[in-house]
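# Fold and contact review
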Amino acid sequence: MVEVSIFAVLVAAISSFVLGGLWYSPLLFGKAWLKESGAPTTPGHPAKVFGISFICSLLAAYAFAVLMGSSADLATALHMGLLVGVCFVATSFGINYQFVQRSGRLWLIDGGYHICQFLLYGLVFGLWP
């Protein structure tokens, strides 16, 4: 069993949560995402939406930490973050989005977020002592 720093997992999850807040805000891609996704302008109950999102971020960060192991250097961790973000998450979105005929623009927004999310995870775990 790989030893995982719970504090590093927490920092990684918080980093992706902050990234998501910025990524999907009107400052970056929020308006385009709303237009492309057709999502309601008023999401569900904020505590539920943010709570479930944060739990998912914690789970993803923990799984990434286990995948990385405890001795990965920064370059390896960033490479693994890019690999997971592009080759696992973004491509999975691409498959689903083709079947439901979502736009390429939406795929770039959502896939781009998750690529950056896992790069952040790589940064956190690669720098964590």
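See above for the structure.
Every chain begins its residue count from 1, and numbering advances along the sequence as written. Side-chain atom pairs in this predicted model are given and counted only at pLDDT of 80 or more, local residue features only at pLDDT of at least 70, and totals for whole chains, interfaces and linings cover all residues. Side-chain metrics in this entry use all non-hydrogen atoms of the structure; hydrogen atoms and water are not considered.

Most often, soluble globular proteins keep nonpolar side chains buried together rather than apart. For this analysis, a nonpolar core means a set of buried residues of the types Ala, Val, Leu, Ile, Met, Phe, Trp, Tyr and Cys, connected via side-chain atoms within 4.5 Å. The buried label applies to any residue whose accessible area, calculated with a 1.4 Å probe on protein chains only, is under 20% of its type's maximum; exposed applies above 50%, and partly exposed to all values in between. By size, the foremost hydrophobic cluster in this structure holds 16 residues, and its most contacted members are Val9, Ala12, Ala61, Phe64, Phe118, Tyr121 and Phe125. Among the secondary structure elements, those contributing two or more residues to this core are α1 (6–23), α3 (46–68), α4 (74–99) and α5 (104–127). In this description, contact between two residues means that some pair of their heavy atoms is separated by no more than 4.5 Å. Those residues in contact with Phe64 that sit more than four places away from it in its chain are Ala77, Met80, Gly81, Val84, Phe118, Tyr121, Gly122 and Phe125. Core analysis: the second largest hydrophobic core is formed by five residues, Leu19, Ala32, Ile109 and Tyr113 among them. A helix here means a DSSP run of H or I that spans at least four residues, while a strand means a run of E at least two residues long, and both kinds are numbered starting from the N terminus.

With that settled, the discussion passes to the side chain of Asp110. Here Asp110 lies in helix α5. With residues up to four places along the chain from it excluded, the contact list for Asp110 reads Tyr24, Trp33, Phe93 and Tyr97.

Now for the packing of aromatic side chains. Geometry of an aromatic ring pair is reported as the spacing of the ring centres plus the angle between the planes. Only the six-membered ring of Trp is used, alongside the rings of Phe and Tyr, when aromatic pairs are assigned; centres must lie within 6.5 Å, and planes under 30 degrees apart are stacked while those over 60 apart are edge-to-face, with the rest tilted. One pass over the full model with this rule turns up eleven aromatic pairs. Through pairs of rings, three or more aromatic residues link up here, namely Trp23, Tyr24, Phe29, Trp33 and Tyr113.

Glancing now at the layout of surface pockets. In this structure, the largest pocket occupies an estimated 930 Å³ of space. Contributing elements (two or more residues each) for the lining of the largest pocket: α1, α2 (30–37), α3, α4 and α5. If one sorts the elements of the lining of the largest pocket by residue count, α3 sits on top with eight residues. Here the lining of the largest pocket is built from residues that sort into 18 nonpolar, twelve polar and three charged. Definitions used for this entry: grid spacing 1 Å over protein atoms alone; cavity, a set of points where a 1.4 Å probe fits but cannot get out; pocket, an open set with protein on both sides within 12 Å along at least 5 of 7 lines; lining residue, one with an atom within 4 Å of a point. Grid points are joined across faces, edges and corners, and a volume is the space filled by probe spheres set on the points. Of the voids in this model, the second largest pocket is the one considered here, and its volume is about 250 Å³. In this structure, the second largest pocket is lined by 14 residues; those nearest its centre are Glu3, Gly69, Ser70, Phe125 and Trp128. In the scheme used here, Gly and all other residues not listed as nonpolar or charged are polar, with Ala, Val, Leu, Ile, Met, Phe, Trp, Tyr, Cys and Pro taken as nonpolar and Asp, Glu, Lys and Arg as charged. Each residue belonging to the lining of the second largest pocket can be placed in one class, and the counts come to nine nonpolar, four polar and one charged.

A carboxyl oxygen of Asp or Glu within 4 Å of a side-chain nitrogen of Lys or Arg is what we treat as a salt bridge. Counted according to the given criterion, the structure contains one salt bridge. Notably, a salt bridge pairs Glu36 with Arg105, separated by 3.7 Å at the nearest N-O pair. Of this pair, Glu36 sits in helix α2 while Arg105 sits in helix α5, placing them 69 residues apart in sequence.

Further remarks concern α1. Along an α-helix, residues three or four positions apart point the same way, because every turn accommodates 3.6 residues. Given a rise of 1.5 Å per residue, 18 residues ought to cover 26 Å, and the 25 Å separating the end C-alpha atoms of α1 matches this to within 8%. Within α1, the full set of buried residues consists of Ala8, Val9, Ala12, Ala13, Ser15, Ser16, Leu19, Gly20 and Trp23. Looking straight down α1, one finds that the buried residues subtend no more than 155° of arc, so they occupy a single side. Every exposed residue of α1 that faces more than 90 degrees away from the buried side is listed here: Ile6, Phe7 and Val18. Turning to α1, the residues buried within the fold contact α2, α3 and α5. Multiplying one less than the number of residues by 1.5 Å gives the expected span of a helix. Arc definition: directions from the helix axis to the C-beta atoms.

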